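Chain and residue survey
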Amino acid sequence: MPLPNDLKDKFIEIVEVNHVLTDPSLYGPYTDDFTDHYKSQPLVILRPNSTEQVSQIIKLCAENRLGVVVQGGNTNLTGSASTSTPDSEVLISLTRMKNLVSVDTKGDSMVVEAGMTLADVHKCAEDNGKFFPLSFAAEGNATIGGCLACNAGGVAVLRYGTTRELVLGIEVVLPDGRIWNGLRSLRKDNTGYDLKNLFMGSEGTLGVITKVVLKLFPIPKEKETSLVCVESPAKAVALLNRVKDSAGSLLTAFELISEKPISRVKKNLPDVEVPELSPSPWKVLLELSLFEKKEESVLESILEQAFEAEEITDAIIANSLKDSHKFWHVRESIPLADRTEGGSIHSDISLPIASIPEFLEVSLKRLKEEFPWIEDSIFGHLGDGNLHYNFVSPEDPTLTYRFEEEIRRNLYTTVIEYNGSISAEHGIGMLKKHHNDEFKDPIELELMKKIKNAIDPEGIMNPGKLI
Ligand SMILES: Cc1cc2nc3c(=O)[nH]c(=O)nc-3n(C[C@H](O)[C@H](O)[C@H](O)COP(=O)(O)OP(=O)(O)OC[C@H]3O[C@@H](n4cnc5c(N)ncnc54)[C@H](O)[C@@H]3O)c2cc1C
């Protein structure tokens, strides 16, 4: 149905005419999702610039029983910020709400509006002599509100935790339009249920996060980054334990990368400089963050011991920040190299770390038995037990898409058998909703539905996602 004129006029009263979009030729950035799987058809796109405007919009949507999809940078990989029914849902983009509200350098916290990009959050922290650690390849577009709503992970979880561990307080517009001001910066608050944690990871199904109190940290003085060759995931786990024992909390990232995606980066993205190392089926990219300058490399002696213990076969340590960026650039180029290869589908599973070597062996065998043509692309945050277990089908790119359901079911069955999770960081959205229904504990699902009904009884927030 087209947007009724009286409703359009009321939206214009709230956010002004320029920010009420009804012309589909202007919709592109809001409706085309990163994975090319989903194409939204919203009733209207609204771009508020304050909590009060969001509150008035939600009140109007609730009165008219209109579904609401909240959107930040639209960088999710699960269809969670796309409409689920054509021409019936209101899409609210928070990208105009991007202001710094306040910084408390003595209490190490900062309040920002939810539409600020993660890259700008980093800059605001740095401008005030502090560090905000959440980091991943889409940080130039992903908003901090989207990071909370997905409980984003990224490359520094090992040291600093996921988004949930980086947030002290939030402000939320509830599904009836009321504003909950939970903008407290307390490190300790034991007055009952931790409500802010309900909204984090809720994928826009419980309310609109409009402001956030973030934890800040000291800026690391130096980084030591290394790219290491290992013969197997078991050797990588042994190395992980060695580095954790020797370097403790200095270890901020520990990424496992199969040689296959690296060779696709070399083949498909010739501009990306891949460091020369001796051949090995797996690589590890690891990073230490140091808070004082050291004369000697901390990493070098740990890697020497690992070499003597035959855990690693070769290693290269970055000589400069530029080199370190080069190493990370290889890792971050993998999704694009896979997409170029053809038929790329992705997953973001997590497992108990010790079981990963056996899990990889068993799951690959089962997948190859059912889909002999499939090619894997495995990389991810081994230090967090989180793997991006992706696939390509270069011979016929349509194959992986045609068999996507079966491939996911095959993989997730093994994940659950090994006590893992079908989503470590990207969330459920529309992509994995039915898999979550199938694989999540039924009691947990029932409790989630009860919470959803209690907070959003009319079911207007992000219909068709998560539950
Ligand atoms: C190249 C690439 C690399 C990535 N790497 C990682 C990674 O390493 N780790 C990781 O965790 N993720 C990663 N992602 C996924 C994605 O960037 C994150 O999930 C990010 O948190 C999404 O933020 P966004 O602002 O784009 O949210 P959107 O995509 O706009 O929205 C995502 C979900 O959050 C909801 N939402 C958005 N804003 C709000 C709000 N203010 N209030 C309530 N709900 C809201 C939406 O309704 C939707 O359900 C990657 C994505 C890409 C494209």
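Residues numbered from 1 in each chain as written. Predicted model: local features only at pLDDT ≥ 70, side-chain atom pairs only at ≥ 80, totals over all residues. Heavy atoms only, no water.

On a plain count of helices and strands, the chain comes out with 16 helices and 16 strands. For a compact globule of 467 residues, the expected C-alpha radius of gyration is about 23 Å, and the chain comes in at 23 Å, within 12% of that figure. If one aligns the C-alpha atoms of the chain with their principal axes, the spans along those axes are about 75 × 55 × 45 Å. For the chain, with 467 residues in total, the buried portion stands at 54%. Side chains of the chain carry 49 positive and 70 negative charges; the gap between the two charge centres is 4 Å. (Helix = DSSP H or I, 4+ residues; strand = E, 2+ residues; numbered from the N terminus. Rg over C-alpha atoms; globule rule 2.2 N^0.38 Å. Buried < 20%, exposed > 50% of the residue type's maximum accessible area, 1.4 Å probe, protein only. Lys, Arg positive; Asp, Glu negative; His and termini not counted. Charge placed at Lys NZ, Arg CZ, Asp CG, Glu CD.)

Below, the discussion takes up the packing of helix α1 (residues 5-15) against helix α3 (residues 51-63). With their axes 9 Å apart at the nearest point, α1 and α3 run at an angle of 165 degrees to one another. Considering their axes alone, α1 and α3 lie roughly antiparallel with respect to each other. Along this stretch, α1 crosses α3, giving a crossing that reads as right-handed. Of the residues in α3, those touching α1 at L7, K10, F11, I14 and V15 are Q53, Q56, I57, L60 and C61. The residue makeup of the contact of α1 with α3, split by class, is seven nonpolar, two polar and one charged. (Axes fitted to C-alpha atoms, helices over the stretch in contact; angles between N-to-C directions. Parallel < 35°, antiparallel > 145°, perpendicular 65-115°, else oblique. Left-handed = near helix turned anticlockwise from the far one by under 90°. Contact = heavy atoms within 4.5 Å. Nonpolar A, V, L, I, M, F, W, Y, C, P; charged D, E, K, R; others polar.)

It is worth spelling out the sheet that holds strand β12 (residues 282-290) at this point. Taking strand neighbours across the sheet as the criterion, the seven strands line up as β13-β10-β12-β11-β15-β16-β14 in an open arrangement whose pairing is antiparallel. Of all strands in the sheet, those with a lone pairing partner are β13 (314-317) and β14 (349-350), marking the two edges. Packed onto the sheet, helix α10 (residues 298-308) meets β10 (222-230), β12 and β13 and runs at close to 15 degrees relative to β10. (Pairing = 2+ DSSP bridges.)

So, about the sheet that holds strand β8 (residues 179-182). Spatially, five strands are ordered β5-β6-β9-β7-β8 in an open sheet, and the strand pairing comes out antiparallel. The sheet is open, and its two edges are formed by β5 (100-104) and β8, each paired on a single side. Between one strand and the next, the sheet's axes are offset by a mean angle of 10 degrees, whatever the strand orientation. Bridge count for strand β7 (residues 167-173) against strand β9 (residues 208-215) is six bridges, and the pairing is antiparallel. Bridged to I170 within β9 is V212.

Under the local residue numbering, the UniProt record ascribes the feature "domain: FAD-binding PCMH-type" (unreviewed entry) to residues 38-219. End-to-end, the C-alpha atoms of residues 38-219 are 39 Å apart, and along that stretch the chain is 21% helix and 23% strand. (UniProt positions renumbered as here; feature names shortened; annotations may be inferred.)

Okay, the environment of N241 next. In this structure, N241 sits in helix α8 (residues 233-247). The spatial distance from the C-alpha of N241 to the C-alpha of N453 is 44 Å, given a sequence separation of 212 residues.

Let us now look at the site of the ligand. Neighbouring the ligand are 35 residues, the closest being V70, G72, T75, N76 and T143. Separating an oxygen atom of the ligand from a backbone N or O atom of S80 is a distance of 3.1 Å. Backbone polar atom of I209 to a nitrogen atom of the ligand: 2.9 Å apart, as the coordinates give it. Here the ligand has 960 Å² of accessible area as a free molecule, and 95% of this is covered by the chains. When residues of the shell around the ligand are traced back to their parent elements, those giving at least two are β3 (67-71), α5 (144-150) and β9. (Near = heavy atom within 4 Å. Polar contact = N/O pair within 3.5 Å; in protein donor to acceptor, adjacent residues only side chain to side chain. Areas by Shrake-Rupley, 256 points an atom, 1.4 Å probe, with all protein chains shown as cover.)

You can see S232 is positioned in the loop between β10 and α8. Overall, S232 belongs to the partly exposed group, its relative accessible area being 21%. With 48 residues separating them along the chain, S232 and S280 place their C-alpha atoms 8.7 Å apart.

A regular strand carries its side chains on alternate faces of the sheet. For strand β11 (residues 251-258), a buried count of eight out of eight residues is recorded, marking the element as mostly surrounded by other parts of the structure. In terms of strand pairing, β11 meets β12 through seven bridges, oriented antiparallel. Residue I257 lies in a different strand from β12, and its bridge partner there is K283. Here β11 runs beside strand β15 (residues 375-381); their pairing, made up of two bridges, is antiparallel.

On to the pattern of salt bridges. For the structure on display, the rule yields 29 salt bridges. When the shortest N-O distance is used, the salt bridge between R65 and E458 registers 3.0 Å. Taken together, the residues span a long stretch of sequence, with R65 in the loop between α3 and β3 and E458 in the segment after α16 (442-455) at a distance of 393 residues. Judged by relative accessible area, E458 falls into the partly exposed class, the value being 48%. Among the salt bridges present, the one from K123 reaches D127, with a minimum N-O distance of 3.1 Å. (Salt bridge = Lys/Arg side-chain N within 4 Å of Asp/Glu carboxyl O.)

Let us look at a negative patch on the surface. Taken together, the side chains of E295, E296, E300, E304 and E308 make up a negatively charged region of the molecular surface. Relative to the elements of secondary structure, E304 occurs in helix α10. Residue class for E304 comes out partly exposed when judged on its relative accessible area of 45%. (Patch = residues over 30% accessible without salt bridge, like charges linked within 9 Å, V, L, I, M, F, W, Y side chains within 5 Å.)

Glancing now at the nonpolar core. In this structure, F11, F132, I144 and L214 are the most contacted members of the largest nonpolar core, which totals 55 residues. Both domains that furnish three or more residues to this core are identified here as domain 1 (5-93) and domain 2 (100-215). If you look at the next biggest cluster of nonpolar residues, it comprises 45 residues, including L251, V298, F391 and Y412. (Core = buried A, V, L, I, M, F, W, Y, C linked by side-chain atoms within 4.5 Å. Domains from an automatic or database assignment.)

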